[in-house]
Amino acid sequence: VFRTSLEFEWRRLSVVELRERLGAVQQGRDEPLAPLLECASQLVRSAIHDLRTPLAAIAMAAQGAKRRPECQVAARGLDRILRSCERMDFMLKELAVVGRLGLASTNPEQAPVECSRLVPEALARLSDRLDMRRVHVALAEQLPTVRVDPKQFEHILEIALTTVLSSSGDDGEAALEASAGESWVDIAVRVERPPAVPERSSAGAPGLGVGGSGREALSSQAQVLRLLLLRVLVEANAGTVCVDGVPETPAGLRLRLVRAITDADQLV
Amino acid sequence: VVSASAASRPHPGRRVLVLEDDDDWRDTLGEYLTLLGCECVAFARAEDALRCAAEQPPGLALIDLGLEDTNGYDVARRLRSVAGCDATKLVAVTGFGDSATRASAAAAGFDDFLVKPLVTRKLEALVRDLRLDS
């Protein structure tokens, strides 16, 4: 029954509802969010896997048919099938990001970690999942020690970069800058170069540029849900998040992490 | 078991083993590999695939990670110990593309990784790289 109700809840979440949830977390009114997110993440992960196998069969069958001379008369129809598969693949990737990130939202294990080591190491691991050629990194020299869960910090960076890269479009770029304050470290992630072609192109554009309302609605939902998860994770590590622009297409995010008190600080 | 048609004349070095428990996906993959000029042997059960590999080692093995009777990681480890399969290119096929799954696949002995659904381009590259002299 619980699984069914979760499934139902996932399907009926709208951007407005997600924004309300975001506000509830901000005001500390949403205690049972973490276990809910974990269950929802597992459900989404299973659903994505089960959808990918039949989609793979459809796409490969269409590719195979295009190679057969007797199917040339149906080539345009096969192209339409393949474009539809690409669109579905895009949506599944969006869901996969959200599903994976929700799993990281519980039980932080905070420790003092040197930020000058933490950020580059997390970025190196993320290069497996994100196109880091689109991210320009500028770190201040001698960043201080912060108190965070290193694994959750990696997820925080992943959400921030995924969110801003999604806002920047398929070809856009993002900038990540880290600087130190008196008792904090600021990490700013922002859209640096907007896409060459507007993302919301007219329907019927080639490839993934097909701008149907389904893709746009899903992308907006995914963006707001990412911000919700980002806030949960950052606040669980005693930090804060500021969003520049509207949540559906943020132009930038500013994360502030608390500097850890070290032995050297205590001596001073 | 899917095999190449006589008309496609697969090169002997292009023997591909597929282990996949989803019938439609297995049949589609087998037919596509045949179109690419491979001799494809496809199985739903790990034991059948291992027996076949021992009799005639493939150049390439595409193994689903989530099988009904076992998992692809164990199959990869067992395939590596089969005589003649040390040079077989082992490729994990999965719907999970996260770094943890990739790391587990590499640790189990897989050489490469295919994330469903859009795999044809990478599959064609893998087939092109198959040794042609075996």
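Throughout what follows, the structure given in this document is the object of discussion. The structure displayed is predicted, hence computed values, not measured ones.

Observations regarding the packing of helix α5 (residues 115–126) of chain A against helix α6 (residues 150–167) of chain A
All names here are of chain A.
Piece 1. The geometry of α5 relative to α6 is characterised by a closest axis approach of 10 Å and an angle of 65 degrees between their N-to-C directions. The crossing of α5 and α6 is right-handed. Packed against α5, whose contacting residues are L118, V119, A122, L123, R125 and L126, the element α6 presents P150, F153, E154, L157, E158 and L161 at the interface.
Piece 2. Looking at the contact of α5 with α6, its residues break down into 9 nonpolar, no polar and 3 charged.

Overview of helix α5 (residues 120–128) of chain B
Residues and elements named next belong to chain B.
Piece 1. Of all the residues in α5, the buried ones are T120, L123, E124, L126 and V127. Down the axis of α5, the buried side of the element spans an arc of 160 degrees, and every buried residue falls inside it. Opposite the packed face of α5, turned more than 90 degrees from it, sit the exposed residues R121 and R128.

Overview of the sheet that holds strand β3 (residues 60–64) of chain B
All names here are of chain B.
Piece 1. Judged by pairing direction, the sheet is parallel, and its 5 strands sit side by side in the order β2-β1-β3-β4-β5 without closing on themselves. On the outer flanks of this sheet lie β2 (39–43) and β5 (112–115), each paired with one strand and no other. Averaged over all pairs of adjacent strands, the angle between their axes in this sheet comes to 20 degrees, without regard to strand direction.
Piece 2. Here strand β1 (residues 15–19) runs beside β2; their pairing, made up of 5 bridges, is parallel. From the neighbouring strand, L19 faces β2, where its bridge partner is F43.

Some thoughts on the side chain of R14 of chain B
Piece 1. Along the polypeptide, R14 of chain B turns up in the segment before β1.
Piece 2. D129 of chain B is the oppositely charged side chain nearest to the buried, salt-bridge-free R14 of chain B, at an N-O distance of 8.4 Å.

A look at the pattern of salt bridges
Piece 1. Per the counting criterion, the structure on display carries 17 salt bridges over all chains.
Piece 2. Two residues, E124 of chain B and R67 of chain A, come together in a salt bridge whose shortest N-O distance is 3.2 Å. Of this pair, E124 of chain B sits in helix α5 while R67 of chain A sits in the loop between α3 (33–66) and α4 (75–102), which puts the two residues in different chains.
Piece 3. Notably, a salt bridge pairs R231 of chain A with E235 of chain A, separated by 3.6 Å at the nearest N-O pair. Of this pair, R231 of chain A and E235 of chain A both sit in helix α7 (residues 213–236), 4 residues apart, which is roughly one turn of that helix.
Piece 4. Its relative accessible area of 12% is what places R231 of chain A among the buried residues.
Piece 5. Salt bridges here are not isolated pairs; linked through shared partners, they connect R45, D48 and R51 of chain B.

Each value, and the rule that gives it
Per chain, the residues get numbers from 1 upward, laid out in the order the sequence is written. Both sets of labels track the order of writing: A upward for chains, 1 upward for ligands. Per-residue local features are limited, in this predicted model, to residues with pLDDT of at least 70; the limit for side-chain atom pairs, both in listing and counting, is 80 or more; totals at the level of whole chains, interfaces and linings are taken over all residues. Side-chain metrics in this entry use all non-hydrogen atoms of the structure; hydrogen atoms and water are not considered. To obtain each axis, a line is fitted to C-alpha atoms, and for helices this fit is confined to the stretch in contact; angles are then taken between N-to-C directions over 0 to 180 degrees. Numbering of helices and strands starts at the N terminus; helices are DSSP runs of H or I of at least 4 residues and strands are runs of E of at least 2. Throughout, a crossing is termed right-handed when the near helix is turned clockwise from the far one, and left-handed when it is turned anticlockwise from it by less than a right angle. Whether two residues touch is decided by their heavy atoms; if any such pair falls within 4.5 Å, the residues are in contact. For this scheme, ten residues count as nonpolar: Ala, Val, Leu, Ile, Met, Phe, Trp, Tyr, Cys and Pro. Four count as charged, namely Asp, Glu, Lys and Arg, and the remainder, Gly too, count as polar. Here the term buried applies to any residue with accessible area under 20% of the maximum for its type, exposed to any over 50%, and partly exposed to those in between, with areas from a 1.4 Å probe on protein chains only. The arc in question is traced by the directions running from the helix axis to the C-beta atoms. Note on pairing: two strands pair once DSSP finds at least 2 bridges between them. Counting rule for charge: Lys and Arg are taken as positive, Asp and Glu as negative, and neither His nor the chain ends is counted. Here, a salt bridge means any Lys or Arg side-chain nitrogen found within 4 Å of an Asp or Glu carboxyl oxygen.

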